[in-house]
Amino acid sequence: MRAVDIIRAKRDGESLPREAVEAFVRGVVDGSWPDYQSAALLMAIVLRGMTADETAWLTAAMVASGERVDLASIPGIKVGKHSTGGVGDKVSIVLAPLAAACGVVVPKMSGRGLGHTGGTLDKLESIPGFRTALSLDEFRAVLAEVGCCLISQTATIAPADKTLYALRDVTATIESVPLISASVMSKKLAEGSDALVLDVKCGRGAFMKTRQDAQALARALVGIGTDAGVRTEAFVTAMDAPLGRAVGNALEVAECIETLQGRGPEGLTALVIRLASRMVELGGRAASAFEAEARVRDALASGAAFDTFRAMVVRQGGDPAVVDDPGRLPRAPRTFAVTAPASGFLTGLDAGRIGEASMRLGAGRERVDQAIDPGAGLVLRRVCGDAVLAGDVVVELHYREEASLAPAVALVESAIAIGPQPPPAVPLVFDWIRADGETSFA
Ligand code: URA
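The notes below deal with the structure included here. Starting from 1, residues in each chain are numbered consecutively following that chain's sequence as written. Under the rules for a predicted model, residues below a pLDDT of 70 receive no local features and side-chain atom pairs below 80 are neither given nor counted, while totals for whole chains, interfaces and linings still include all residues. The basis for every side-chain value is the complete set of heavy atoms in the structure, and neither hydrogens nor water enter the calculation.

To continue, consider helix 9 (residues 177-190). Each helix corresponds to a stretch of at least 4 residues labelled H or I by DSSP, and each strand to a stretch of at least 2 residues labelled E; elements are numbered beginning at the N terminus. Multiplying one less than the number of residues by 1.5 Å gives the expected span of a helix. In this model, helix 9 (14 residues) spans 20 Å end to end at C-alpha, consistent with the 20 Å of a helix rising 1.5 Å per residue. For every residue, the accessible area obtained with a 1.4 Å probe (protein chains only) is divided by the maximum for its type, and the residue is called buried under 20%, exposed over 50%, and partly exposed between those limits. Burial analysis of helix 9 places 13 of its 14 residues in the buried class, the great majority of the element. Looking at where helix 9 begins, the residue whose side-chain oxygen comes 3.2 Å from the main-chain nitrogen of Leu-179 is Ser-176. Between N or O atoms, a polar contact is any pair within 3.5 Å; within protein, one atom must be a potential hydrogen donor and the other a potential acceptor, and residues adjacent in sequence are included only when both atoms are from side chains.

Spelled out as structure tokens, the structure:
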């Protein structure tokens, strides 16, 4: 089938045959589909959607465009984790060593921050010396030794996604359930895990703004993973406000270290315990949810999770002195306080705007080739539900470039909502979606 016929068929709302989907991915990788044709098909998919079969074929073709990591030499059930991206979402950095400290092997390929969302690799690289560009042999060696390893996607993993993601980013074609599903799952299936726990973010700071859309994405992801023989589950979790109190790379690493020492913010700690408990169960390290949670809490309280994180940092070239004393992490030279304009209760802290402000301060990038400032970001001094008096510091901005401050302050001011009553309590986890059923918590 010619590219133009495939584009026309999708434009007209037809389902594509498997050969057409495979021809597209082949064309993207070998360059025989020029960007304008790929972009046209991507937009047609955004507008017309894809069936479950088309999405599965797209995912399979994207996995087959590269290498699949073989982790058979490492004993135990390998349980991966992925988040669809949020603001202040530092969960992986705490979760991987926590689950590993409970005996689960956690292989994790992560991404960089783009737009308003942060990326695990940028956060970890704020630890001086920390290497994320490991070879697959090094990846396996660290996994065998420490139990977890967080690296960047190598060039050989789902190369079709690398090309397509860059194109989607500049053609307004990110927000599509089939395209996000194929993108996420092509990388996750290539990563070599036996089971997967997915964190599908939902709300102002997420790609999926509504619970309904997030559920649809979660179901699509679980379906693809399950059909590919990987036990896959997803949690739909809140992302209206940032997760935790720190947003920005080094600031978030400091918060991760506090959380691993049992001193982290309540919401972040609760979410990490929830996801880790499920990973421990799926990894065969506990016979019940109750036992899994007890193991996870014990690994946090005993310092075993912190020790595993420290061992991973050392093994990946990072400076352990920073783990022992987070005050040695890079810091931005200036701070600025945004205060409450009125007294009352903090009813909202728009994660999308806070994430955008963090990017403007230098913590994130608008284009993939931009450098970031590891010390830049924000610290929330008040969180939703807190009582505030006019003039109280709500958000502290950390920055280097004077010119970055004004736009960031405007965004933070517009992110803050204050009302006369405390906001209704919102659960952190909305839904739990498994191949055999769903549970809703809200
Ligand atoms: N994360 C991904 O890896 N891919 C997407 O398309 C969106 C979020």
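Here the focus is the site of the ligand. Here a residue counts as near a molecule or strand whenever at least one of its heavy atoms sits within 4 Å of it. Neighbouring the ligand are the residues Tyr-165, Arg-168, Ile-180, Ser-183, Val-184, Lys-187 and Phe-207. In the environment of the ligand, an oxygen atom lies 2.9 Å from a nitrogen or oxygen atom belonging to the side chain of Arg-168. A distance of 2.5 Å separates an oxygen atom of the ligand from a polar side-chain atom of Lys-187. In isolation the ligand has 240 Å² of accessible area, and contact with the protein removes 92% of it. Counting residues per element, the ones that place at least two in the shell around the ligand are helix 8 (159-169) and helix 9. Ranked by the residues each element gives to the shell around the ligand, the list is headed by helix 9, at four residues. To be clear on the numbers: accessible area is Shrake-Rupley with a 1.4 Å probe, and residue cover counts the displayed protein chains and nothing else.

With respect to the helices and strands, the residue Lys-81 is situated in strand 1 (residues 79-83). Positive residues here are Lys and Arg, negative ones are Asp and Glu, while His and the chain termini are left out of the count. What makes a salt bridge here is a side-chain nitrogen of Lys or Arg within 4 Å of a carboxyl oxygen of Asp or Glu, nothing more. Of the side chains with opposite charge, Asp-89 lies nearest to the buried Lys-81, which makes no salt bridge, at 4.7 Å. Any two residues whose heavy atoms approach within 4.5 Å at even a single point are treated as in contact. Apart from residues no more than four positions distant in its own chain, Lys-81 is found in contact with Val-91, Ser-92, Leu-95, Lys-108, Lys-188, Leu-196, Val-197, Asp-199, Leu-275 and Met-279.

We now examine helix 3 (residues 35-48). The first and last C-alpha atoms of helix 3 sit 20 Å apart over 14 residues, in line with the 20 Å expected at 1.5 Å per residue. Among the residues of helix 3, Gln-37, Ser-38, Ala-39, Leu-41, Leu-42, Ala-44 and Ile-45 are the ones counted as buried. On its buried face, helix 3 sits against helix 1 (3-11), helix 2 (18-30), helix 8 and helix 9. Once helix 3 ends, the next one or two residues include Gly-49, with phi positive near 80°.

With that out of the way, let us pick up the nonpolar core. The nonpolar core is taken to be a set of buried Ala, Val, Leu, Ile, Met, Phe, Trp, Tyr and Cys residues, with the residues joined through side-chain atoms within 4.5 Å. Ranked by size, the top nonpolar core spans 117 residues in total, and within it Ile-127, Phe-309, Leu-378, Val-395, Leu-397 and Val-412 carry the most contacts. Sorting elements by how many residues they give to this core places helix 12 (residues 266-282) first, with nine residues. Domains are outlined according to an automatic or database domain assignment. Each of domain 2 (79-326 + 428-441) and domain 3 (330-419) contributes no fewer than three residues to this core. What Leu-378 contacts, discounting residues up to four positions off in sequence, is Arg-245, Ala-246, Val-247, Leu-251, Ile-354, Ala-357, Ser-358, Leu-361, Val-395, Glu-396, Leu-397 and Val-412. Judged by nonpolar contacts, the second largest core, of 24 residues, contains Ala-23, Leu-41, Met-50 and Leu-179.

For the rest of this paragraph, the subject is the sheet that holds strand 1. Reading across from one edge, 1-4-5-13-14 is the order of the five strands in this open sheet, with mixed pairing throughout. Looking at the sheet topology across the chains shown, the edges are occupied by strand 1 and strand 14 (437-440). Averaged over all neighbouring strand pairs, the angle between strand axes comes to 15°, with direction disregarded. Two elements, strand 4 (residues 195-202) and strand 5 (residues 231-238), share eight bridges in a ladder whose sense is parallel. By the bridge assignment for strand 5, Cys-202 is matched with Ala-238. Strands are treated as partners if at least two bridges between them are detected by DSSP. Here the axes come from fitting lines to C-alpha atoms, over the contacting stretch only for helices, and the angles between their N-to-C directions go from 0 to 180 degrees.

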